[in-house]
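Secondary and tertiary structure notes
Single-letter residue listing:
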Amino acid sequence: MEDVSPFELAEKERELSNSPRTKVGCCLLLKDGTKIVGKNTVGTFGTTIHAEVSAIARLNPSIKIDAVFLVANASMFTPCGACMDWLLQFASEDCMVFVKNIDLPKAMGRTYQLKDLMPHYPQR
Ligand SMILES: [Zn+2]
């Protein structure tokens, strides 16, 4: 089977989002090499499931997240505070976050260390 990159998987998942505005795809890369995807989904009354939480709900919580790949059609996208809480709960200490905006050239992607996005999060 062809080895598809996490960004490609996140982009394919993003395309399935039913959001009328911001469409987000996520691929979690776990410490054991497993890749888990998720997308944001909007309910009839405006409730939303964010892409990161969609993917986290599917993971085996005993295996830490090594990296988070996000693709969005929003500039300067980063996980929101609620998603950061979920990610920090299940991520490794050195988890990285890679973000691409589909409207920008590939070279314009941004990289963060997860813990730097929420520096005052309580110690685990
Ligand atoms: Zn979120």
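Now for a look at the structure at hand. (Residues numbered from 1 in each chain as written. Predicted model: local features only at pLDDT ≥ 70, side-chain atom pairs only at ≥ 80, totals over all residues.)

1. Here's the deal with the environment of R14
So the rule is basically this: A run of DSSP states H or I qualifies as a helix once it reaches four residues; a run of E qualifies as a strand once it reaches two. Both are numbered from the N-terminal end. Put simply, a residue is buried when 20 or more other C-beta atoms lie within 10 Å of its own C-beta and exposed when 12 or fewer do; between those, it is partly exposed, and each C-beta is set from the backbone. For the purpose of contact definition, each residue receives a C-beta atom placed from its backbone, and two residues are in contact when these atoms lie within 7 Å.
Structurally, R14 can be placed in helix α1 (residues 6–14). Accessibility expressed as a C-beta count within 10 Å gives 26 for R14, which makes it buried. As a C-alpha pair, R14 and A51 span 37 residues in sequence and 8.4 Å in three-dimensional space. Not counting residues up to four positions away in its chain, the partners in contact with R14 are K23, V24, G25, K39 and V71.

2. Things to note about the pairing of strand β1 (residues 24–30)
Cut-off, in case you're wondering: Strand pairing is defined by DSSP finding a minimum of two bridges between the two strands.
Counting buried positions over the 7 residues of β1 gives 6, a clear majority of the element. With 7 bridges connecting them, β1 and strand β5 (residues 65–72) associate as antiparallel partners. Note on β5: the bridge partner recorded for L29 is A67. Direction of pairing for β1 relative to strand β2 (residues 35–39): antiparallel, over a ladder of 5 bridges. Within β2, the position partnered with C27 by the bridge is V37. Here β1 folds back onto β2 in antiparallel fashion, the turn holding 4 residues, of which G33 has a positive phi close to 95°.

3. What about α1?
So the rule is basically this: In this description, one arc is meant: the one made by directions from the helix axis to the C-beta atoms.
Turning to α1, its buried residues are P6, L9, A10, E13 and R14. Across the axial projection of α1, the buried residues extend over an arc of 140°, all falling on one side. Looking at the buried side of α1, the elements it contacts are β1, β2 and β5.

4. Details of the nonpolar core
Note the threshold: Note on definitions: a nonpolar core is a set of buried residues drawn from Ala, Val, Leu, Ile, Met, Phe, Trp, Tyr and Cys, linked by C-beta atoms within 7 Å.
Membership of the largest hydrophobic core comes to 27 residues, with the highest contact counts inside it found for A10, C26, C27, L28, V68, F69 and L70. Looking at this core, the elements with two or more residues in it are α1, β1, β2, α2 (51–56), β5, α3 (81–90) and β6 (91–101). In terms of residues, this core owes the most to one element, β5, which gives 7 residues. Setting aside residues up to four positions removed in sequence, F69 forms contacts with P6, F7, A10, C26, C27, L29 and F98.

5. Remarks on the sheet that holds β5
Quick note on the threshold: In this description, a line fitted to the C-alpha atoms serves as the axis of each element, helices being fitted only across the stretch in contact, and the angle between N-to-C directions of two axes falls anywhere from 0 to 180 degrees.
With mixed pairing, 5 strands are arranged side by side in an open sheet as β2-β1-β5-β6-β7. Taken across any chain shown, the strands that pair with only one partner, and hence form the sheet edges, are β2 and β7 (110–113). Shown here is a sheet whose adjacent strand axes are inclined to one another by a mean of 15°, direction ignored. Relative to β1, α1 is tilted by about 145°, and along the sheet it contacts β1, β2, β5 and β6.

6. Observations regarding the pairing of β6
Test applied: Classification remark: right-handed applies to a crossover when, strands pointing away from the viewer, the course from the first strand over the helix to the second runs clockwise.
Bridge count for β5 against β6 is 7 bridges, and the pairing is parallel. Its bridge partner being in β6, I65 is matched across the sheet by A91. You can see the chain leave β5, run along α3 and come back into β6, and the turn it takes is right-handed. As paired strands, β6 and β7 are joined by 4 bridges and run antiparallel to one another. Pairing of V97 across the sheet is with Y112, part of β7.

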